[in-house]
Every structure is written in C-alpha cells, then in structure tokens.
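Tertiary structure, described
So you can see what is in the structure, the chains are spelled out below.
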Amino acid sequence: MNSFRNKKKAHTKAESERKDKVVSVRFSPEQLKKATENAKSNDMTLSNYTATAAANGGVGPTPEKLVEFQNKINALCKTVERTAPDKVEEIQKEAYGLWPISSL
C-alpha cells in the first residue's frame, strides 16, 4: 500500500515578504465589524487588511488593484500606439506620475 503525504509547496516569496510573525489585536465588536467590512470591500482578508493598514499608515491599493491599474495603462498605451504613436511616450510619463505605488 502506497501512502503519500501532502507536501507543502516551497516558499516562492522573498524572505522579506514572508509573513511569519503573529500578533494579537483587540477590537470592540463595532471595530471588528467595521474592519471586517473594510477588508471585504478591499478584497482582502482581515489579517492582510490590518497588516497593510498598520504598515502603511492606512490602506493603499492592493496588489490586485495595482495589477489592474497597470493592465489598464498598458491597454491604453497600445490603443494610443495604434492611433497616435507620437503620444505614447507622453502618456506613459503621465501614467507613471499617477502610479499609486509611490504612496505606499
């Protein structure tokens, strides 16, 4: 009889990105409700929402939102490249100025 154990996948995140520290936080019932709602509205777990807010002095864009933002800018640049190729570089520079990662 063969028995196989589920093996954990190797970590693919950089050492500095691993979340291996655990803290305990106390919430009032109303604070927990509001924090849970905020986390859900940002497509985050309560843990990730709390850690992101604490580390950044508030919640900035989630990684998913940053990818969405970048994909939209890329699509815009492709469209501009077809219709007005001389404007692509200007739009890319302006988009870079809007890039929300600078606020994190």
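Residues numbered from 1 in each chain as written. Predicted model: local features only at pLDDT ≥ 70, side-chain atom pairs only at ≥ 80, totals over all residues. Heavy atoms only, no water.

1. Quick notes on the overall build of the protein chain
Along the protein chain, the regular secondary structure elements total 4 helices and 0 strands. In the protein chain, the succession of α and β elements from N to C terminus is α-α-α-α. For the protein chain, the proportion of its 104 residues judged to be buried stands at 14%. Residue pairs in contact within the protein chain that sit at least 24 positions apart in sequence constitute 33% of those at least 6 positions apart. Here the protein chain displays about 9,400 Å² of accessible surface, and carbon together with sulfur accounts for 54% of that area. (Helix = DSSP H or I, 4+ residues; strand = E, 2+ residues; numbered from the N terminus. Buried < 20%, exposed > 50% of the residue type's maximum accessible area, 1.4 Å probe, protein only. Contact = heavy atoms within 4.5 Å. Areas by Shrake-Rupley, 256 points an atom, 1.4 Å probe, with all protein chains shown as cover.)

2. Describing unusual backbone geometry
With the exception of glycine, most residues fall at negative phi, and the peptide bonds are largely trans. Non-glycine residue aspartate 43 carries a positive phi angle of around 55 degrees. Within the element layout of this structure, aspartate 43 appears in the loop between α1 (29-41) and α2 (46-56). Residue classification places aspartate 43 among the exposed positions, given a relative accessible area of 58%.

3. Overview of a nonpolar patch on the surface
Taken together, the side chains of Val23, Val25, Phe27 and Leu32 present a nonpolar region at the surface, about 360 Å² in accessible area. Within the fold, phenylalanine 27 resides in the segment before α1. On the accessibility criterion, phenylalanine 27 (35% relative accessible area) is partly exposed. (Patch = residues over 30% accessible without salt bridge, like charges linked within 9 Å, V, L, I, M, F, W, Y side chains within 5 Å. Salt bridge = Lys/Arg side-chain N within 4 Å of Asp/Glu carboxyl O.)

4. Examining α1
Here α1 is 13 residues long and its end C-alpha atoms lie 18 Å apart, about the 18 Å a rise of 1.5 Å per residue gives. A positive backbone phi angle near 55 degrees is found at aspartate 43, which sits one or two residues after α1. (Expected span 1.5 Å × (residues − 1).)

5. Describing the packing of helix α3 (residues 63-83) against helix α4 (residues 88-98)
One way to put it is that α3 packs onto α4 with a least axis distance of 10 Å and a crossing angle of 165 degrees. Relative to α4, the element α3 lies roughly antiparallel. Handedness of the crossing formed by α3 with α4: right-handed. Residues Phe69, Ile73, Leu76, Cys77, Val80 and Glu81 of α3 form the contact with α4, whose own contacting residues are Val88, Ile91, Gln92, Ala95 and Leu98. Looking at side-chain class alone, the contact of α3 with α4 contains 9 nonpolar, 1 polar and 1 charged residues. (Axes fitted to C-alpha atoms, helices over the stretch in contact; angles between N-to-C directions. Parallel < 35°, antiparallel > 145°, perpendicular 65-115°, else oblique. Left-handed = near helix turned anticlockwise from the far one by under 90°. Nonpolar A, V, L, I, M, F, W, Y, C, P; charged D, E, K, R; others polar.)

6. Overview of the pattern of salt bridges
If you walk through the whole model with that rule in mind, you get 3 salt bridges. For the salt bridge of glutamate 68 with lysine 72, the shortest nitrogen-to-oxygen distance reads 3.2 Å. Of this pair, glutamate 68 and lysine 72 are both found in helix α3, 4 residues apart, which corresponds to roughly one turn of the helix. Since its relative accessible area comes to 54%, lysine 72 is described here as exposed. Put simply, glutamate 89 and lysine 93 hold a salt bridge, and the shortest N to O gap is 3.5 Å. With glutamate 89 and lysine 93 both in helix α4 and 4 residues apart, this pair spans about one turn of that helix. The pair glutamate 89 / lysine 93 is uniform in exposure class, with both members exposed.

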